[in-house]
Amino acid sequence: MLKRFLQDADHIFIACGATDFRKGAQGLSALISLKYQLDPYEESCVFIFCNRRKTAVKVLRYDRNGFILASKKLLDQMKFQWPKTPEEAKEISFQQVEWLLAGLEMEQVKAHHAVEVSRNNSCF
């Protein structure tokens, strides 16, 4: 479900470290603006936050006349592999979001990477 919410976003940012989950849409948008110096009203941006126990995420997106706030809570003692650097918002790809939501680390060093092939850099 969250995938559809994220797919057409041009920029996906995660708030590294833990976020106080008592905050609603207004509190999270203030955090985006004041702490991370980003614009929460940019429709093409999505912001993702994780709680201290790494068992839940909140996703915030502005939609023309208001904020949409979605959340996901894991069951059965599962945890997200969330980056611990507390003072940054990091831009990530849709593929990295899928890895995080699947319980994997955001940086998959063994994953296949995109290769750009053109007439100029190929031997054919």
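Scroll up a little and you will see the structure.
Residues numbered from 1 in each chain as written. Predicted model: local features only at pLDDT ≥ 70, side-chain atom pairs only at ≥ 80, totals over all residues. Heavy atoms only, no water.

### Some remarks on the overall build of the chain
Turning to step 1, where the next piece is worked out: Scanning the chain for helices and strands turns up three helices and five strands.
Turning to step 2, where the next piece is worked out: For the chain, the sequential pattern of α-helices and β-strands runs α-β-α-β-β-β-β-α.
Turning to step 3, where the next piece is worked out: With respect to the principal axes defined by its C-alpha atoms, the chain has extents near 60 × 35 × 30 Å.
Turning to step 4, where the next piece is worked out: In the chain, which comprises 124 residues, the proportion classed as buried is 36%.
Turning to step 5, where the next piece is worked out: In the chain, once contacts between residues fewer than 6 apart in sequence are set aside, the share between residues at least 24 apart is 60%.
Turning to step 6, where the next piece is worked out: Looking at the chain as shown, the accessible area adds up to about 8,500 Å², and 50% of this sits on carbon and sulfur atoms. (Helix = DSSP H or I, 4+ residues; strand = E, 2+ residues; numbered from the N terminus. Buried < 20%, exposed > 50% of the residue type's maximum accessible area, 1.4 Å probe, protein only. Contact = heavy atoms within 4.5 Å. Areas by Shrake-Rupley, 256 points an atom, 1.4 Å probe, with all protein chains shown as cover.)

### Examining the environment of Leu 104
Turning to step 1, where the next piece is worked out: With respect to the secondary-structure elements, Leu 104 resides in the segment after α3 (94-101).
Turning to step 2, where the next piece is worked out: Taking relative accessible area as the criterion, Leu 104 reaches 38% and is therefore assigned partly exposed.

### So, the packing of aromatic side chains
Turning to step 1, where the next piece is worked out: Evaluation of the coordinates by the stated rule reveals four aromatic pairs.
Turning to step 2, where the next piece is worked out: Judged by centre distance (5.3 Å) and plane angle (50°), the rings of Tyr 41 and Phe 67 are tilted. Taken together, the residues span a long stretch of sequence, with Tyr 41 in the loop between α2 (25-34) and β2 (45-50) and Phe 67 in strand β4 (residues 67-73) at a distance of 26 residues.
Turning to step 3, where the next piece is worked out: On the basis of relative accessible area, Tyr 41 is assigned to the partly exposed category, the value being 47%.
Turning to step 4, where the next piece is worked out: These aromatic residues form a ring-pair network of at least three members: Tyr 41, Tyr 62 and Phe 67.
Turning to step 5, where the next piece is worked out: The ring of Phe 21 has Lys 58 lying over it, and the distance from NZ or CZ to the ring centre is 5.0 Å. (Phe/Tyr/Trp six-rings, centres within 6.5 Å; stacked < 30°, edge-to-face > 60°. Lys NZ or Arg CZ within 6 Å of the ring centre and 35° of its normal.)

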